[in-house]
Amino acid sequence: MAVTIRHCSTCGDERPFERPPCADEHGDLCPELACADCGAAILIAALLEPWQSGPAELPAASSRAA
Ligand SMILES: [Zn+2]
């Protein structure tokens with residue numbers, strides 16, 4: 001099972017999170033992770049939103065300081 005290190009707001013520190021058994025058959029796409037230490041579940045769906053995965057806009061044309 002894949003384990004991801006994330007900040008757990010319950011533990012107040014970085015904790016290994018693992019994907020709990022998904023009841024909705026999302027499989028690897030299940031957006032839920034559970035803290036291996038305290039069991040708190042977090043949703044990571046927001047991190048997977050495609051429109052947030054890349055730069056929405058290019059920064060304004062950077063003028064080179066000559
Ligand atoms: Zn925790």
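Our structure's up above, just so we're on the same page.
What counts and how
- Residues numbered from 1 in each chain as written.
- Predicted model: local features only at pLDDT ≥ 70, side-chain atom pairs only at ≥ 80, totals over all residues.
- Heavy atoms only, no water.
- Donors = N, O, S within 2.8 Å, 3.2 Å for Na, K, Ca; no water.
- Tetrahedral: all angles 85-135°; square planar, octahedral: opposite > 155°, others 65-115°.
- Helix = DSSP H or I, 4+ residues; strand = E, 2+ residues; numbered from the N terminus.
- Buried < 20%, exposed > 50% of the residue type's maximum accessible area, 1.4 Å probe, protein only.
- Polar contact = N/O pair within 3.5 Å; in protein donor to acceptor, adjacent residues only side chain to side chain.
- Contact = heavy atoms within 4.5 Å.
- Pairing = 2+ DSSP bridges.

J.: Explanation requested: the coordination of the zinc ion in the structure shown.
T.: Each angle at a metal carrying four tetrahedral donors should ideally be 109.5 degrees, and each at a metal carrying six octahedral donors should ideally be 90 or 180 degrees. The coordination sphere of the zinc ion contains the protein donors Cys8 (SG), Cys11 (SG), Cys35 (SG) and Cys38 (SG), at a distance range of 2.3 to 2.4 Å. Considering all 4 donor atoms around the zinc ion, angles at the metal cover 103 to 115 degrees and the coordination shape is tetrahedral. When the donor residues of the zinc ion are listed from N- to C-terminus, their spacing reads C-x2-C-x23-C-x2-C. Placement of the pair is Cys11 in the loop between strand S1 (3-8) and strand S2 (13-18) and Cys35 in strand S3 (residues 32-35), with a sequence separation of 24 residues. Residue classification places Cys11 among the partly exposed residues on the basis of a relative accessible area of 26%.

J.: Can you help me understand the side chain of Arg15 in this one?
T.: Secondary-structure assignment places Arg15 in strand S2. One polar contact links Arg15 to Asp37, side chain to side chain, over a distance of 2.7 Å. For Arg15, the residues in contact, after removing those within four places along its chain, are Thr4, Ile5, Arg6, Cys8, Cys35 and Asp37.

J.: Got a minute to help me understand the environment of Cys11 in this structure?
T.: Expressed as a C-alpha distance, the spacing of Cys11 and Gly39, which sit 28 residues apart in the sequence, is 9.8 Å. Those residues in contact with Cys11, other than ones at most four positions away along the chain, are Cys35, Asp37 and Cys38.

J.: Could you clarify how one ought to interpret the pairing of S2 in this entry?
T.: Remark: a regular strand shows side chains that alternate across the two faces of the sheet. Two strands pair when backbone bridges link them, and S1 and S2 are joined in this way by 6 bridges, in the antiparallel orientation. Across the sheet, the residue bridging to Val3 is Glu18, located in S2. Where S1 folds back on S2, the antiparallel hairpin that results is connected by 4 residues, among which Gly12 adopts a positive phi of roughly 75 degrees. Judged from the 2 bridges that link them, S2 and S3 form a sheet pairing that is antiparallel. The residue of S3 that forms the bridge with Glu18 is Ala34.

Keep in mind that these numbers describe shape and distance, not what the molecule does.
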